[in-house]
Amino acid sequence: MAKAQLKILAFLITVGLVAGSLSVGWWFYTNVLLKESQVEQDIASMKGKDRPKIDPGARRFDAAIELIKAGKIEEGRDDLSKLCLQFPESATCPEAMRIIGEINMDMLYSSNNKMGKKDYIVQPGNTLLGIATKHDTTIDSIVRMNGLMSTMLQPGDHLTLIPMDFHLLVDVSSKEVILQRKVGEKKYPFKFYLAKELRLPPGTRVPLETELAGKNASIDGKTVLSTDPNYAAAEKWISARKPGIVIRTPPEPHAPKALPVEAAPGSKKEKGKKTSKTAAKGAPPEAMPPPPPSMESETGIFLAREDIEEIFALVRTGSTLSIKR
């Protein structure tokens, strides 16, 4: 009898232990494992949704703008530069770079900013070209800096001169033209321009470094000198030493040529046709203008006119032009 009772007791204890283990396991599953699984599902669901990304540069951009509005222009400009270096993927960077360029340009031509500028007194026989060449600057920058209405100089005139050590860097991938200012042995970005189009000559290998070979101005195809009264209205372009690389405004599309109308045999037009052909053969070469080049065949780095004007005043013959991909 006692043995039977012990067996029953042992059985009950075993059942109790099993039931307890099952209840503990169920509690652990419902309160721990199931909740963790639900959390993981929620996280995966949140990741799958298109949520706006946090821009780490946005707050810094706003803070820099507030500094500029408060009159701390250089401090704000420097903060914008740091922003673009630390967070180049920030959506605020394009606008930050535009503001940096505008501030740099304003400070360059500001009469209140004397840093890096020279005061020059015009001597008898001086010309703008001679002064610009001697002091490593450009005629255009002298005219703009001093607000000259004429290229005629008088002995004793005071001129503010800005030594120009500017160079160009073209980024093919982003279609950016970066105006760089050299200070010591290092070049710093000064202003950014977005090219309307880039067409490098066929076979051009990038990266490439060349020099600016010349600066040109023309009206209706005729060369215009800086002393010409119409110089400001002239179209300007900058050529590099490598053939086919020119910085200029986009070419205008040429109007299609009218198709010739065939004259009936024996008509007056048909008889006159032979006469005109004979005259054309005997005409001098200049009377037979060559057909204008098609827009598709022209190569160059094409910028807006106002950007060309700005760059034209700052770079000199011999400045470097670097092209990277």
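Rules behind the numbers
Residues numbered from 1 in each chain as written. Predicted model: local features only at pLDDT ≥ 70, side-chain atom pairs only at ≥ 80, totals over all residues. Heavy atoms only, no water. Axes fitted to C-alpha atoms, helices over the stretch in contact; angles between N-to-C directions. Helix = DSSP H or I, 4+ residues; strand = E, 2+ residues; numbered from the N terminus. Parallel < 35°, antiparallel > 145°, perpendicular 65-115°, else oblique. Contact = heavy atoms within 4.5 Å. Nonpolar A, V, L, I, M, F, W, Y, C, P; charged D, E, K, R; others polar. Polar contact = N/O pair within 3.5 Å; in protein donor to acceptor, adjacent residues only side chain to side chain. Left-handed = near helix turned anticlockwise from the far one by under 90°. Core = buried A, V, L, I, M, F, W, Y, C linked by side-chain atoms within 4.5 Å. Buried < 20%, exposed > 50% of the residue type's maximum accessible area, 1.4 Å probe, protein only. Salt bridge = Lys/Arg side-chain N within 4 Å of Asp/Glu carboxyl O. Phe/Tyr/Trp six-rings, centres within 6.5 Å; stacked < 30°, edge-to-face > 60°. Lys NZ or Arg CZ within 6 Å of the ring centre and 35° of its normal.

Q: What exactly am I supposed to notice about the packing of helix H4 (residues 93–109) against helix H6 (residues 139–146) here?
A: Any two packed helices are characterised by how steeply their axes cross, that is the angle between the axes, and by the distance between the axes. The contact between H4 and H6 brings their axes to 9 Å, and the two run at 80°. In terms of orientation, H4 and H6 fall into the roughly perpendicular class. Note on element contacts: H6 touches H4 through Ser-141, Arg-144 and Met-145, opposite Met-105, Leu-108 and Tyr-109. Grouping the amino acids of the contact of H4 with H6 by side-chain chemistry returns four nonpolar, one polar and one charged.

Q: Sorry if this is basic, but what is going on with the environment of His-167 here?
A: As for its position among the elements, His-167 is in strand E3 (residues 166–171). Sequence-wise, His-167 and Leu-314 are 147 residues apart; in three dimensions their C-alpha atoms are separated by 8.7 Å. Within the structure, His-167 has its side chain in polar contact with the side chain of Asp-165 (distance 2.8 Å).

Q: Please explain the packing of helix H3 (residues 73–86) against H4 as it appears in this structure.
A: At a minimum axis distance of 9 Å, the contact between H3 and H4 shows a crossing angle of 145°. The interaxial crossing formed by H3 with H4 has left-handed handedness. Judged by residue contacts, Ile-73, Glu-74, Arg-77, Leu-80, Ser-81, Leu-83 and Cys-84 of H3 engage Cys-93, Ala-96, Met-97, Ile-99, Ile-100, Ile-103, Asn-104 and Met-107 from H4.

Q: Could you clarify how one ought to interpret the nonpolar core in this entry?
A: Soluble, globular proteins show a tendency: their nonpolar side chains are buried together. Residues Leu-168, Val-177 and Leu-179 are the most contacted members of the largest nonpolar core, which totals 35 residues. Elements represented by at least two residues in this core include exactly H4, E3, strand E4 (176–183), strand E5 (186–194), strand E7 (208–219), strand E9 (235–240), helix H8 (305–312) and strand E12 (320–324). Membership of the second largest hydrophobic core comes to 12 residues, among which are Phe-61, Ala-64, Leu-83 and Ile-103.

Q: Explanation requested: unusual backbone geometry in the structure shown.
A: With glycine set apart, most residues show a phi of negative sign, and most peptide bonds adopt trans. Pro-207 follows Val-206 through a cis peptide bond whose omega is 10°. Here Pro-207 is to be found in the loop between strand E6 (197–199) and E7. Look at Asp-136: it is not a glycine, yet its phi comes out positive at around 55°. Along the chain, Asp-136 falls in the loop between helix H5 (128–134) and H6. In the Ramachandran plot, Asp-220 falls in the positive-phi region, its phi being about 55° despite a non-glycine side chain. By the element assignment, Asp-220 lies in the loop between E7 and strand E8 (222–223). Note on Asp-220: relative accessible area 76%, which makes it exposed.

Q: In this structure, what is going on with the pattern of salt bridges? I would like to understand it.
A: Any two side chains of opposite charge can pair, on the condition that their charged atoms come close. Under the criterion given, the structure shown has 12 salt bridges. Taking the shortest distance from any N to any O, the salt bridge between Lys-236 and Glu-309 comes out at 3.3 Å. Remark: Glu-309 occurs in helix H8 and Lys-236 occurs in strand E9; sequence separation between them is 73 residues. Classification of Lys-236 by relative accessible area gives buried; the value is 3%. Taken together, the shared-partner salt bridges connect Glu-102, Lys-191 and Glu-310 into one network.

Q: What should I look at first to understand the packing of aromatic side chains in this one?
A: The relation between two aromatic rings is expressed through the spacing of the ring centres and the mutual angle of the planes. Taken as a whole and assessed by the stated rule, the structure comprises one aromatic pair. On the basis of an interplanar angle of 75° and a centroid distance of 5.1 Å, the ring pair of Phe-166 and Phe-190 is categorised as edge-to-face. Pair noted here: Phe-166 is in strand E3 and Phe-190 is in strand E5, with a separation of 24 residues, a long-range link. Classification of Phe-190 as buried rests on a relative accessible area of 7%. Sitting over the face of the ring of Phe-312, Lys-215 holds its NZ or CZ atom 4.7 Å from the ring centroid. For Lys-236, the ring lying beneath its charged end belongs to Tyr-231, and the centroid distance is 4.5 Å.

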